[in-house]
Amino acid sequence: MSALVRRHARWVVPVATPPIANGTVVTDGERITWVGPRANAPVGGQDEELGDCILTPGLVNAHTHLDLTMMRGALEDLTFFEWVRTLTRAKRELLTDDDFRAAALLGAAEGLSRGITTFGDTSDNDAAFDALLTLGARGIAYREVFGADPAQVDASIAGLTTAIATMRLRATPLVRLGVSPHAPYSVSDALFVSVREFADREGLPLAVHIAESAAEDDLVIRASGPFAEFLRARGLEVERRASGPIQLIDAAGLLRQNTLLIHCVRVAASDVARIADTGCGIAHCPTSNAKLGHGVAPLREFLATGARVGLGSDSMASNNTMDLLAEARLAVLQQRAITKTPDALPARAAFRLATLGGAEALRLDDEIGSLVPGKQADLAAFRVSDLGLPAEDPLAALVFGAGQVVAHRVIIAGRERVRDGVVTDLDPGVPARVRAAALRLTQWRSARAAL
Ligand SMILES: [Zn+2]
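Residues numbered from 1 in each chain as written. Predicted model: local features only at pLDDT ≥ 70, side-chain atom pairs only at ≥ 80, totals over all residues. Heavy atoms only, no water.

Asks: I'm lost on the coordination of the zinc ion in this one. Help?
Replies: Note on metal geometry: ideal angles are 109.5 degrees for four donors arranged tetrahedrally and 90 or 180 degrees for six donors arranged octahedrally. With distances of 2.0 to 2.7 Å, the protein atoms coordinating the zinc ion are His-63 (NE2), His-65 (NE2), His-209 (NE2) and Asp-314 (OD). What the 4 donor atoms of the zinc ion show is an angle range of 85 to 172° at the metal, which sorts the shape as irregular. Spacing between the donor residues of the zinc ion along the chain follows H-x1-H-x143-H-x104-D. Here His-65 is found in the loop between β5 (59-64) and α1 (80-93), whereas its partner Asp-314 is found in the loop between β12 (308-311) and α12 (324-339), with 249 residues between them in sequence. Take Asp-314: its relative accessible area is 4%, and that puts it in the buried class. (Donors = N, O, S within 2.8 Å, 3.2 Å for Na, K, Ca; no water. Tetrahedral: all angles 85-135°; square planar, octahedral: opposite > 155°, others 65-115°. Helix = DSSP H or I, 4+ residues; strand = E, 2+ residues; numbered from the N terminus. Buried < 20%, exposed > 50% of the residue type's maximum accessible area, 1.4 Å probe, protein only.)

If you want it as structure tokens, here you go:
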């Protein structure tokens, strides 16, 4: 039996080439075999009429913490230090493995329902890894590792080694592994080096939160601020570590191909050039960076260097929704507001960030990110009526559309994962489990506030 499927839509947006009116994408099993105008499409196979839809590559969310989906709305209006501390304590004191598992499933399902087919996830458990496997999504599960105390290095690496060995048994071509030394305020310089060496030995990609906040700068550059005080209160010596966060991880050997730099808000022009030269990917997280009051990353400067930049929603603790089209929209609006120009980042460039750019940032662009014969059949179809706009310019409709748009169809490696906006393999009990965890979190926060 032939596995050929011809999907026809009012618009096909291949990303690497201009949109095609009345287009067709042909897939054979897990791969794309043909993209072009319907009138020229090869005959044979099964037809799927998507009608008044825009058919695009699956969206790529370069940075998530799917296991924190229960934290939506739970950590509002805190300083970054308080936000990190509260989040960390909630994970340690309140939330259970079952909470993380339910949250990761719901988070992945929310992403799928919005057209996201690939997730670059960082977490310190395997809940997101399992959720991607369960729901048939694609991604890299970067296993997080922590340890601000240099004396903890061996213990941290031992824990990481065990975790990776266990997860490796279940990794697939669709769901791969990486490692993530979390951030300069939670990882010692010695641990950064050890994790980089581990990643080299194991042949794994890296991800690191970097150059995100003023408090991080204070710690790294001046050995001052809330993170320095907190670490000193734990009995650790805190000294100046580098002239900036990028210099810190450069010294540890982390600036290299196959490293994803998450945030990169507080970077100098020389940092931008160095990041581009070393071939790192960048996860640009416009909503999270704005919501936590960090600022706006120099997106145009990064793009001018040819750097590999994608978009990330970050966790629901610092965003509240997972909507990559909304991230693309905010990325455009921020750049136009900053530069006071109406064409600072065209819609097509923003949509590229949400697809091929994310694939480049995760170094998966040989396989996904654009509709090209030979690439994986990862597709998303959005109804024009759901975008709430006429679609004479389909890229503008996608980027400036109605917001929180649910995808009509989502296909990953040729398999349908969302049909009529519904995620096919989500256990219907999951949302209630996440609601229960969110309620406990709210009560825990209220009790702590009352102390
Ligand atoms: Zn993050």
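Asks: Hey, could you run me through the pattern of salt bridges in this one?
Replies: Opposite charge on two side chains permits them to pair, given that their charged atoms come into close proximity. Scanning all chains against the criterion turns up 35 salt bridges. Residue Arg-6 pairs with Asp-47 through a salt bridge whose shortest N-O separation is 2.8 Å. Pair noted here: Arg-6 is in strand β1 (residues 4-12) and Asp-47 is in strand β4 (residues 46-57), with a separation of 41 residues, a long-range link. We note a salt bridge from Asp-98 to Arg-433, for which the minimum N-O separation is 2.8 Å. Of the two residues, Asp-98 is situated in helix α2 (residues 97-113) and Arg-433 in helix α16 (residues 430-450); the sequence distance between them amounts to 335 residues. For Arg-433, a relative accessible area of 28% puts it in the partly exposed group. Put simply, Arg-7, Glu-48, Arg-409, Glu-416, Arg-419 and Asp-420 are held in one network by salt bridges that share partners. (Salt bridge = Lys/Arg side-chain N within 4 Å of Asp/Glu carboxyl O.)

Asks: Got a minute to help me understand the packing of aromatic side chains in this structure?
Replies: The geometry of an aromatic ring pair is captured by the separation of the ring centres together with the interplanar angle, meaning the angle of the planes. Taken as a whole, this structure holds 6 aromatic pairs when the rule is applied. For the pair Phe-80 and Phe-227, a centre-to-centre distance of 6.1 Å together with 75° between the ring planes defines the contact as edge-to-face. Taken together, the residues Phe-80 in helix α1 and Phe-227 in helix α7 (residues 225-233) connect sequence positions 147 residues apart. Given the relative accessible area of 7%, Phe-80 is considered buried. On the basis of relative accessibility, which here comes to 3%, the residue Phe-227 falls in the buried class. Sitting above the plane of the Trp-444 ring, Arg-448 keeps its charged end 4.8 Å from the centroid. (Phe/Tyr/Trp six-rings, centres within 6.5 Å; stacked < 30°, edge-to-face > 60°. Lys NZ or Arg CZ within 6 Å of the ring centre and 35° of its normal.)

None of this, on its own, says anything about what the molecule does.
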